[in-house]
Amino acid sequence: MTIKTIEPTKERKSRSSRKSKRDVVDEKSPLLPTKQEEDGGFDEFNGASFTGAVFNLSTTVVGAGIMALPATMKVLGLGPGIAMIIFMAFLTEASIEMLLRFSRAGQSVSYGGVMQDAFGKYGRMLLQVCVLVNNIGVLIVYMIIIGDVLSGTTSSGVHHAGVLEGWFGVHWWNGRFFILLVTTFGVFAPLASLKRIVHTIDNELEDTTQIKAVVRTSLTLCSTVYVMTSIFGFLLFGDATLDDVLANFDTNLGIPYSSLLNDAVRVSYAAHLMLVFPIVFYPLRLNLDGLLFPSARPLVSDNLRFALLSIGLICVTFLGANFIPSIWDAFQFTGATAAVCIGFIFPAAVTLGDRHGIATKKDKILCIFMIVLAVFSNLVAIYSDAYALFKKGESKHE
């Protein structure tokens, strides 16, 4: 799941209002512009349909993590794994519902606005830090998957050939480092220069009273996709399922045109990650700028600051993708830290604080459960990560 912009806005503007040519356009402006009028002004965006909002939200939710779900089934088993996906869907729906309720009460149109309303500027800054950690982790995972797909990966001493290796054989130019270097500067760098990204789903929806139905429909759709991918990915490869299931698509599936299907699956998903890159990169850069330069002029109007932040973040992502061995390691770190804070701990903390007096007793009991579960999961994940690194270091010295 990726995180969009959290720039706070104090109050929602009428959808029928119009911008004049003299309006300043920055990160706080509506990000869905409209057709240009004869006088040079712009009509406000009329709003997305219910179906459009569902698919927009769903493409945001279904990220690279779906490729690690078959490996999760291998560890947990199909029954507990599927039950966990369904359970997390219900928990996520409750978390989002509480977040939306408090955003309405505080007249905030962003996650950052809700955190600032509940905990002041330090609450918003804490959220920004978590967004940075989460989105950097997501981008690193994207690059690791692209490297796995195009140049191959090695697991337990067995090398799984990438698409380019299968087509042209092993050469220096289709090695992992060179492929990631070309992808970074040939694809990601130009996409990082984009200064406009679609705003939050709630703000673009034509009828904002439909947001709860949009969330439920999207979560149902995403949960179905997760369950189907988990089941069929694990059943297809069994105990040989890798952390990144795409790497398994270098074997004969036992069906006609198996090689063509393998390449189509891997290349299409790698292309999808490349196109999704700016959606994740935009709020990452915006939040980093908000932390480092809170009083500066809008980032979109400062080309030097824009370029330096973009280059720095791209370099961090590139280095992380080269030194982190698998998407499993990246997900363990971000999932055990920033992701649970953004998804569960912060919404629960806002509800328990109940600044507007709208939380029920049931809400508060659920929030306490969410925080306890999240903290316990964090501790277990961090301990297992540290133990795995310790054991890996011992095995290398022996």
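Here is a short report on the structure shown in this document.

Rules behind the numbers
Residues numbered from 1 in each chain as written. Predicted model: local features only at pLDDT ≥ 70, side-chain atom pairs only at ≥ 80, totals over all residues. Heavy atoms only, no water. Helix = DSSP H or I, 4+ residues; strand = E, 2+ residues; numbered from the N terminus. Contact = heavy atoms within 4.5 Å. Polar contact = N/O pair within 3.5 Å; in protein donor to acceptor, adjacent residues only side chain to side chain. Axes fitted to C-alpha atoms, helices over the stretch in contact; angles between N-to-C directions. Left-handed = near helix turned anticlockwise from the far one by under 90°. Nonpolar A, V, L, I, M, F, W, Y, C, P; charged D, E, K, R; others polar. Salt bridge = Lys/Arg side-chain N within 4 Å of Asp/Glu carboxyl O. Buried < 20%, exposed > 50% of the residue type's maximum accessible area, 1.4 Å probe, protein only. Bend = angle between axes of the 7 residues up to and from the residue. Patch = residues over 30% accessible without salt bridge, like charges linked within 9 Å, V, L, I, M, F, W, Y side chains within 5 Å. Areas by Shrake-Rupley, 256 points an atom, 1.4 Å probe, with all protein chains shown as cover. Core = buried A, V, L, I, M, F, W, Y, C linked by side-chain atoms within 4.5 Å. Phe/Tyr/Trp six-rings, centres within 6.5 Å; stacked < 30°, edge-to-face > 60°.

Overview of the environment of Ser223
Assignment of secondary structure puts Ser223 in helix α9 (residues 211-237). Placed 135 residues apart in sequence, Ser223 and Met88 show a C-alpha to C-alpha distance of 9.1 Å. Discounting chain neighbours no more than four positions away, the residues touching Ser223 are Ile85 and Ala89. A polar contact is formed between the side chain of Ser223 and the backbone oxygen of Leu219, at a distance of 2.7 Å.

Some points on the packing of helix α4 (residues 111-119) against helix α12 (residues 327-353)
Closest axis-to-axis distance for the α4/α12 pair is 10 Å, and the angle between their directions is 35 degrees. In this structure, the crossing between α4 and α12 has a hand that is left-handed. For the pair formed by α4 and α12, the contact residues are Tyr111, Val114, Met115, Ala118 and Phe119 on the first element and Cys341, Ile342, Phe346, Pro347, Ala349 and Val350 on the second. The residue makeup of the contact of α4 with α12, split by class, is 11 nonpolar, no polar and no charged.

Considerations on the pattern of salt bridges
With the rule as written, the count across this model stands at 11 salt bridges. With a closest N to O distance of 3.5 Å, Glu97 and Lys212 form a salt bridge. Taken together, the residues span a long stretch of sequence, with Glu97 in helix α3 (residues 78-105) and Lys212 in helix α9 at a distance of 115 residues. Using a relative accessible area of 17% as the deciding quantity, one classes Glu97 as buried. Residue class for Lys212 comes out partly exposed when judged on its relative accessible area of 39%.

A short note on α12
At Cys341, α12 is deflected by roughly 60 degrees, the largest bend along its length. Downstream of α12 by one or two residues, Asp354 has phi in the positive range, about 45 degrees.

A closer look at helix α7 (residues 176-192)
Helical geometry: 3.6 residues make up each α-helical turn, so side chains three or four residues apart lie on a common side. Bending of α7 peaks at approximately 35 degrees at the position of Thr184. Of the positions making up α7, those classed as buried are Ile179, Leu180, Thr183, Thr184, Phe188 and Ala192. In this structure, the buried residues of α7 make contact with α5 (121-151), α6 (163-168), α10 (258-292) and α11 (303-323).

Describing the environment of Asn322
Along the chain, the position of Asn322 falls in helix α11. With a relative accessible area of 26%, Asn322 lands in the partly exposed category. Considered as a pair, Asn322 and Leu180 are 142 residues apart in the sequence and their alpha carbons are 8.1 Å apart. Contact partners of Asn322, with chain neighbours within four places excluded, come to Phe177 and Leu180.

Considerations on a nonpolar patch on the surface
Where nonpolar side chains cluster on the molecular surface, the patch consists of Val75, Leu76, Met84, Phe87 and Phe369 and spans about 460 Å² of accessible area. Mapped onto the nonpolar patch, the elements with two or more residues apiece are α2 (69-76) and α3. Looking at the element boundaries, Phe87 is found in helix α3. Take Phe87: its relative accessible area is 33%, and that puts it in the partly exposed class.

So, the packing of α10 against α11
Between α10 and α11, whose axes approach to 10 Å, the crossing angle comes to 115 degrees. For α10 against α11, the interelement crossing comes out right-handed. Contacts between α10 and α11 involve Phe281, Leu284, Arg285, Leu288, Asp289 and Leu292 from the former and Arg305, Phe306, Leu309, Ser310, Leu313 and Ile314 from the latter. Class assignment of the residues belonging to the contact of α10 with α11 gives a composition of 8 nonpolar, 1 polar and 3 charged.

Quick word on the nonpolar core
With 64 residues, the main nonpolar core has Met67, Tyr142, Ile145, Tyr269 and Phe281 as its most contacted residues. The element that contributes the greatest number of residues to this core is α5, accounting for 12 residues. Membership of the second largest hydrophobic core comes to 17 residues, among which are Met115, Val340, Phe346 and Val350.

Some remarks on the packing of aromatic side chains
Taken as a whole and judged by the stated rule, the model has 8 aromatic pairs. Their ring planes at 65 degrees and their centres at 5.5 Å tell us that Phe177 and Phe318 sit as a pair that is edge-to-face. Pair noted here: Phe177 is in helix α7 and Phe318 is in helix α11, with a separation of 141 residues, a long-range link. When the centroid spacing of 5.2 Å and the interplanar angle of 25 degrees are considered together, the rings of Phe277 and Phe281 count as stacked. Here the residue Phe277 and the residue Phe281 both occupy positions in helix α10, the gap between them amounting to 4 residues, near one helical turn. The exposure class assigned to Phe277 is buried, which follows from its relative accessible area of 1%. Under the relative-accessibility criterion, Phe281 is labelled buried at 1%. Taken together, Trp167, Phe168 and Trp173 form an aromatic cluster joined through their ring pairs.

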